[in-house]
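Examining the three-dimensional arrangement
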Amino acid sequence: MTNRMKAILGASATIAVWATAFPFGKVALQSVDALTLSVARVVGGAILMLIIGVFKGLHIPTSWREWGIYILLGATGNFVYQVVFNEGLRTIPAATSSIIMALTPMVTALMALFVYKDRIRPIGWLFTVTAFVGVAVIILWNSTLTIPMGAIWTLIGMVLFAIYNILNRGLSLKGYNSITIAMWSMFTGAIMALPFADHAIDMIVAAPISAKLAMLYLAFFSSALGFVFWSYAFEHAEKVSDVTNFMYISPIVAAIVAAFLLGEIPNMGLYIGAPVILGSLYLFNRYR
């Protein structure tokens, strides 16, 4: 199997479990708060990753620099990111959250401009502007020029995850395998979550079975296996955008699942803004 095919399979598997995280996250947030859901996802995912790591053979970081990078990965892609993302998801529809998160490939590419010296042509900057115009349409449609806090939290989460992608790519280029990156980044994220474990356990115990099952799915599939698939895709990709472009599919899957699972029907702002964003993202990566 070629590296390109491996990257495609890894990215496709990731989107399958990440897109459904939006509606399943909404199910869990009906019974627990954003912090509890974040702790459950990160700690549960870390436990599964450590089990996988034991069977695969643990590579233990040997320098403070390695640990520093994994701590940054644990924050930007796991615990801090999860808290911010879930806080946003708590108050905005799953489809809206997924559309905002779809900006991650573009923001990642803009960061790669400075980190990896990837050039962006003027037309790429034009599509960057139009994509953010689409975001403005979505978040301001029913808000009378007041930006919902949920959208702001989600935008912050999107930037954090773009940083995670840049750091992840850097380790992949140095030969680190996907299991190692996912395991230690989730492990450091779980360490950050431990001070809040008592609060989380109390809420999880009191939550209904539907919320418990949603959190199990989010921890084991959307978190642990999702990050393994994502790192695997980066490991075999030629360029960052070869992987991050797959995030364009996520809003479609998330909107369909949310409609059936939660009965969320998008307002007109999403129907207008989403094509502007997704079209801008597609053209950005084609012509930048």
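Quick note: structure is the one above.
On a predicted model such as this, the values are computed, not experimentally measured, just so you know. (Residues numbered from 1 in each chain as written. Predicted model: local features only at pLDDT ≥ 70, side-chain atom pairs only at ≥ 80, totals over all residues. Heavy atoms only, no water.)

So, the overall build of the protein
Helix and strand content of the protein: 15 helices and 0 strands. In terms of overall size, the protein behaves like a compact globule, its C-alpha atoms giving a radius of gyration of 18 Å where 288 residues would be expected to give roughly 19 Å. If you line up the protein on its principal axes, its C-alpha atoms span 50 × 45 × 35 Å. Of all 288 residues assigned to the protein, the portion counted as buried reaches 52%. Within the protein, counting contacts between residues at least 6 apart in sequence, those at least 24 apart form 88% of the total. Working note: accessible area of the protein is about 12,800 Å², and carbon and sulfur atoms make up 72% of it. Of the side chains in the protein, 16 bear a positive and 10 a negative charge, and the two mean positions are spaced by 12 Å. (Helix = DSSP H or I, 4+ residues; strand = E, 2+ residues; numbered from the N terminus. Rg over C-alpha atoms; globule rule 2.2 N^0.38 Å. Buried < 20%, exposed > 50% of the residue type's maximum accessible area, 1.4 Å probe, protein only. Contact = heavy atoms within 4.5 Å. Areas by Shrake-Rupley, 256 points an atom, 1.4 Å probe, with all protein chains shown as cover. Lys, Arg positive; Asp, Glu negative; His and termini not counted. Charge placed at Lys NZ, Arg CZ, Asp CG, Glu CD.)

Focus on the pattern of salt bridges
One pass over the full model with this rule turns up 1 salt bridge. The partner of Glu87 in a salt bridge is Arg90, with the nearest N and O atoms 2.5 Å apart. According to the relative accessible area criterion, Glu87 is partly exposed, its value standing at 23%. In this structure Arg90 comes out as partly exposed when scored by relative accessible area, which is 42%. (Salt bridge = Lys/Arg side-chain N within 4 Å of Asp/Glu carboxyl O.)

Overview of the nonpolar core
Counting residues in each nonpolar core, the largest one holds 78 residues, and the members touching the most others are Met49, Phe161, Met215 and Trp230. Looking at which element gives the most residues to this core, the answer is helix 12 (residues 209–236), with 10 residues. Apart from the residues lying within four places of it in its own chain, the contact partners of Phe161 are Trp18, Thr76, Gly77, Tyr81, Met101, Thr104, Phe227 and Trp230. (Core = buried A, V, L, I, M, F, W, Y, C linked by side-chain atoms within 4.5 Å.)

Examining the packing of helix 4 (residues 64–76) against helix 5 (residues 79–89)
Helices that pack against each other are described as a pair by the angle of their axes relative to one another and the distance between those axes. It is at 3 Å that the axes of helix 4 and helix 5 come closest, and there the two elements cross at 10°. In terms of orientation, helix 4 lies roughly parallel with respect to helix 5. From helix 4, Gly74, Ala75 and Thr76 reach across to helix 5, where they touch Phe79, Val80 and Tyr81. Looking at the contact of helix 4 with helix 5, its residues break down into 4 nonpolar, 2 polar and no charged. (Axes fitted to C-alpha atoms, helices over the stretch in contact; angles between N-to-C directions. Parallel < 35°, antiparallel > 145°, perpendicular 65-115°, else oblique. Nonpolar A, V, L, I, M, F, W, Y, C, P; charged D, E, K, R; others polar.)

Overview of the environment of Met149
You can see Met149 is positioned in helix 9 (residues 149–173). Sequence separation of Met149 and Asn168 is 19 residues, and the distance between their C-alpha atoms is 29 Å.

A word on the packing of aromatic side chains
All chains considered together, the criterion is met by 12 aromatic pairs. Ring geometry for Phe161 versus Trp230: centroids 6.4 Å apart, planes at 35°, classification tilted. Linking Phe161 in helix 9 with Trp230 in helix 12, this pair joins segments that are 69 residues apart in sequence. Classification of Phe161 by relative accessible area gives buried; the value is 2%. Given a relative accessible area of 0%, Trp230 falls into the buried group. Taking the centre distance of 5.3 Å and the plane angle of 85° together, the rings of Trp184 and Phe187 count as edge-to-face. With a gap of 3 residues between them, Trp184 and Phe187 both fall in helix 10 (residues 178–193), about one helical turn apart. The exposure class of Trp184 is buried, given its relative accessible area of 6%. An aromatic cluster is present here, built from Trp18, Phe22, Tyr81, Phe85, Phe161, Tyr164 and Trp230 joined pairwise through their rings. (Phe/Tyr/Trp six-rings, centres within 6.5 Å; stacked < 30°, edge-to-face > 60°.)

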